[in-house]
Structures are given as C-alpha cells and as structure tokens.
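Remarks on the overall topology
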Amino acid sequence: NGFDHIVIHFGNEIVGATASFDELRLGASWSDVSTMYTAISSRSGKQMPDKISLRQNYPNPFNPETNISYALTQSGKVRLSVYDVVGREVAVLVDGVQSAGNHSVVFSGANLPSGIYFYQLKTVTETSTIKMTLMK
C-alpha cells in the first residue's frame with residue numbers, strides 16, 4: 001500500500017534532471033530523514049555520464065549560432081573557450097564550477113569573420129578541443 005517508486009523533476013523542459021528513489025522516509029527533523037538514492041538522470045532518461053566528453057557542435061558549419069554540448073562525470077571547475085585559427089581566445093562560454101551531467105551552451109559568431117575556430121573544454125583532469133566552421 002502506497003508508492004513503490006518516486007520520481008522528482010528539477011528544472012524546466014529545457015534544462016532539468018530527474019531523481020529517482022526506491023525508498024524515502026520522512027521524519028520530524030532533517031536528521032531523521034533517510035533516503036536510498038538509486039539514480040539521477042537527464043530529462044531524456046539517460047544515466048549520468050560515465051566519462052567527460054565534448055561533442056561536435058551542431059550545426060557545423062554554422063551561421064551565426066551553434067550549440068556546443070558536453071558531459072561532466074562530477075562537479076568541478078570548468079572552462080569552455082573558443083579560439084581562432086591562430087590560437088587567440090575569442091570567447092569564454094563557461095568559466096566556473098558546474099555540476100555533473102550533460103550541459104549545452106549556445107555560441108554566437110555574429111561578430112566574428114567566417115573561418116575555422118576551435119572550442120576547448122578544460123576540467124581539473126582533462127582538456128578536449130574540437131574544430132568548428134563559421135560560414136557567413
């Protein structure tokens with residue numbers, strides 16, 4: 001009698017996560033609360049990422065905007081930057097602490113000339129770089 005599975009949604013339709021519990025006990029104070037955590041997943045139902053990854057931007061080539069997606073296995077300091085073909089940093093999209101999970105950022109090249117650019121994801125443990133093309 002009662003529920004055998006509880007799902008709680010955080011965020012909104014665009015950015016959000018789901019926490020699933022198979023057991024939840026409530027008490028008179030926070031010290032009385034006990035939970036059995038089973039999974040946190042993105043809104044699409046996928047499990048948390050098992051490795052850090054930087055994905056190819058979409059669309060590519062792009063004009064003037066593109067989406068850059070990446071996955072983090074744990075919370076920590078993240079820097080996502082864009083560089084031109086000679087290595088000058090032209091944009092910093094993310095610079096701070098982020099939570100584990102899947103993330104997406106929109107990059108606008110409206111004020112940049114057509115050409116090849118590189119975006120780089122730096123975490124405490126890894127650095128990844130991918131090429132993209134801006135065509136006007």
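Scope of this entry: the structure provided in the associated data block. (Residues numbered from 1 in each chain as written. Predicted model: local features only at pLDDT ≥ 70, side-chain atom pairs only at ≥ 80, totals over all residues. Heavy atoms only, no water.)

**Observations regarding the nonpolar core**
Leu54, Tyr70, Leu80, Phe107, Tyr119 and Met132 are the most contacted members of the largest nonpolar core, which has 20 residues in total. For this core, the secondary structure elements donating two or more residues are strand S5 (65–72), strand S6 (76–84), strand S7 (89–98), strand S8 (101–108), strand S9 (115–122) and strand S10 (127–134). In contact with Leu54, other than residues within four places in its own chain, are Ile68, Ser69, Tyr70, Leu80, Tyr119, Leu121, Ser128, Thr129 and Ile130. (Core = buried A, V, L, I, M, F, W, Y, C linked by side-chain atoms within 4.5 Å. Buried < 20%, exposed > 50% of the residue type's maximum accessible area, 1.4 Å probe, protein only. Helix = DSSP H or I, 4+ residues; strand = E, 2+ residues; numbered from the N terminus. Contact = heavy atoms within 4.5 Å.)

**Focus: the pattern of salt bridges**
One pass over the structure, following the stated rule, counts four salt bridges. Two residues, Arg79 and Asp95, come together in a salt bridge whose shortest N-O distance is 2.9 Å. Of this pair, Arg79 sits in strand S6 while Asp95 sits in strand S7, placing them 16 residues apart in sequence. Residue class for Arg79 comes out partly exposed when judged on its relative accessible area of 25%. With its nearest N and O atoms 2.7 Å apart, the salt bridge here joins Arg88 to Asp84. The exposure class of Arg88 is exposed, given its relative accessible area of 56%. The buried category is assigned to Asp84, whose relative accessible area is 9%. Within the structure, one salt-bridge network assembled from shared partners comprises Lys77, Arg79, Glu89 and Asp95. (Salt bridge = Lys/Arg side-chain N within 4 Å of Asp/Glu carboxyl O.)

**What to know about unusual backbone geometry**
In this structure, the amide linkage connecting Tyr58 to the following residue, Pro59, adopts the cis form with an omega of -5°. Structurally, Pro59 is set in the loop between strand S4 (53–54) and S5. Going from Asn60 to Pro61, the amide bond is cis rather than trans, its omega being 0°. Examined against the element boundaries, Pro61 turns out to sit in the loop between S4 and S5.

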